[in-house]
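# Chains, contacts and geometry: an overview
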Amino acid sequence: MDVRNGAGERLDYGWYPIGESAGSPPPAVVVIGHGVTSHWDRPWQTELAAALAFAGLPSLLVSFAGNGLSEGRFDDVTPTKEAADLGSVLDALQAWGVQRLAYAGHSMGGAVGCLRASTDARIEALVSLAGMFHVDAFMQRTFGHLPYGGLMLDKPGCPWNPALEADAAHLGSLTAQAAAVRAPWLLVHGDADELVPLQDALDARAAAGGRPDLVILRGVDHRFTDAIRAMSTAVVSWLQQHLPADAPGRR
């Protein structure tokens, strides 16, 4: 399956099928998105995908444009652009024949999920993993001291740039978007997160009227170090309730 965004940029992805379904569309798929300066094959993503496949839910792990092996420039990466990329992934899966879709995003990928789910009812279940809610505050706190072109988190090819700073300033906090999410929503966050504080999850839940489910992992950092299994267990059990693989698709 060739996945391209609205700018024609090819998006690299990993596909974790179940059983013999590698060549045919399953009824339900979980799309998994990464955080800023990342890509689709980080340990937390691949281990979560393996756990989902074992539970009967296939997943597609995407690298948004400008990240990893996807086409595009990192200088153009913004949460708003990645939310549009996510829409293109959903388009491709629907065109293939997938009927039910969920999304799980980490860090800035969590903000991307909130943005997309606030306007796109195709996301039937939303998962935020150490999800960013106060977008502008995060960018200024973490990268605002850098000159444009300075390496974000010291990662080659990931320069702090005007597009990302401007988009974050425009978004501010995702209060209105969280209030507009109607899909079932799970927030998973470590209370020792050194990059995106637990308060982001608490504020997202409050903005959504208390509707999202919240799992707090005690002593766990932003990358779920030594806690990927606990995170995966929480996500898999929740998705089995809200996106059962054998449920009929929406009409």
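Our structure's up above, just so we're on the same page.
A brief look at the structure comes next. Since this is a predicted model, take the numbers as computed values, not measurements. (Residues numbered from 1 in each chain as written. Predicted model: local features only at pLDDT ≥ 70, side-chain atom pairs only at ≥ 80, totals over all residues. Heavy atoms only, no water.)

## With respect to the overall build of the protein
The secondary structure content of the protein amounts to eight helices and seven strands. Relative to the 2.2 N^0.38 estimate, which gives 18 Å for 251 residues, the radius of gyration of the protein is 17 Å and therefore close to what a compact globule would have. When the backbone C-alpha atoms are referred to their principal axes, the protein occupies close to 50 × 40 × 35 Å. Per element, the accessible surface of the protein, about 10,100 Å² overall, is 54% carbon and sulfur. On the protein, the mean spot of the 18 positive side-chain charges and the mean spot of the 27 negative ones are 5 Å from each other. (Helix = DSSP H or I, 4+ residues; strand = E, 2+ residues; numbered from the N terminus. Rg over C-alpha atoms; globule rule 2.2 N^0.38 Å. Areas by Shrake-Rupley, 256 points an atom, 1.4 Å probe, with all protein chains shown as cover. Lys, Arg positive; Asp, Glu negative; His and termini not counted. Charge placed at Lys NZ, Arg CZ, Asp CG, Glu CD.)

## Considerations on the packing of aromatic side chains
Taken as a whole, this structure holds three aromatic pairs when the rule is applied. Seen in terms of ring centroids, Phe138 and Phe143 are 5.9 Å apart; in terms of plane orientation they differ by 80°. Their pairing is edge-to-face. The exposure class of Phe138 is buried, given its relative accessible area of 3%. Overall, Phe143 belongs to the buried group, its relative accessible area being 1%. Here the aromatic cluster, defined as three or more aromatic residues joined through ring pairs, consists of Phe138, Phe143 and Trp160. (Phe/Tyr/Trp six-rings, centres within 6.5 Å; stacked < 30°, edge-to-face > 60°. Buried < 20%, exposed > 50% of the residue type's maximum accessible area, 1.4 Å probe, protein only.)

## A short note on helix α2 (residues 79-96)
Because each turn of an α-helix spans 3.6 residues, side chains separated by three or four positions in sequence point in the same direction. For α2, which comprises 18 residues, the first-to-last C-alpha distance of 26 Å matches the rise-based estimate of 26 Å (1.5 Å per residue) to within 8%. Trailing α2 by a residue or two, Gly97 shows a phi angle of about 125°, which is positive. (Expected span 1.5 Å × (residues − 1).)

## Details of the pattern of salt bridges
Following the criterion strictly, the structure yields eleven salt bridges and no others. Close ionic contact of Arg4 with Asp2 constitutes a salt bridge, the shortest N to O distance being 2.9 Å. Of the residues examined, Arg4 reaches a relative accessible area of 39% and is grouped as partly exposed. Note that Asp91 and Arg122 form a salt bridge whose closest N and O atoms lie 2.7 Å from each other. With Asp91 in helix α2 and Arg122 in the loop between α3 (108-117) and β5 (123-129), this residue pair connects regions lying 31 residues apart in the sequence. Sharing partners across several salt bridges, the network here consists of Asp91, Arg116, Asp120 and Arg122. (Salt bridge = Lys/Arg side-chain N within 4 Å of Asp/Glu carboxyl O.)

## Points about the side chain of Glu124
Turning to its location among the elements, Glu124 is positioned in strand β5. Side-chain polar atoms of Glu124 contact the side chain of Arg100, separated by 2.8 Å. (Polar contact = N/O pair within 3.5 Å; in protein donor to acceptor, adjacent residues only side chain to side chain.)

## Thoughts on the nonpolar core
Of all hydrophobic cores here, the largest spans 50 residues; its most connected members are Met139 and Trp185. Ala49, Ala125, Val235 and Leu239 belong to the second-largest nonpolar core, a separate cluster that totals 29 residues. (Core = buried A, V, L, I, M, F, W, Y, C linked by side-chain atoms within 4.5 Å.)

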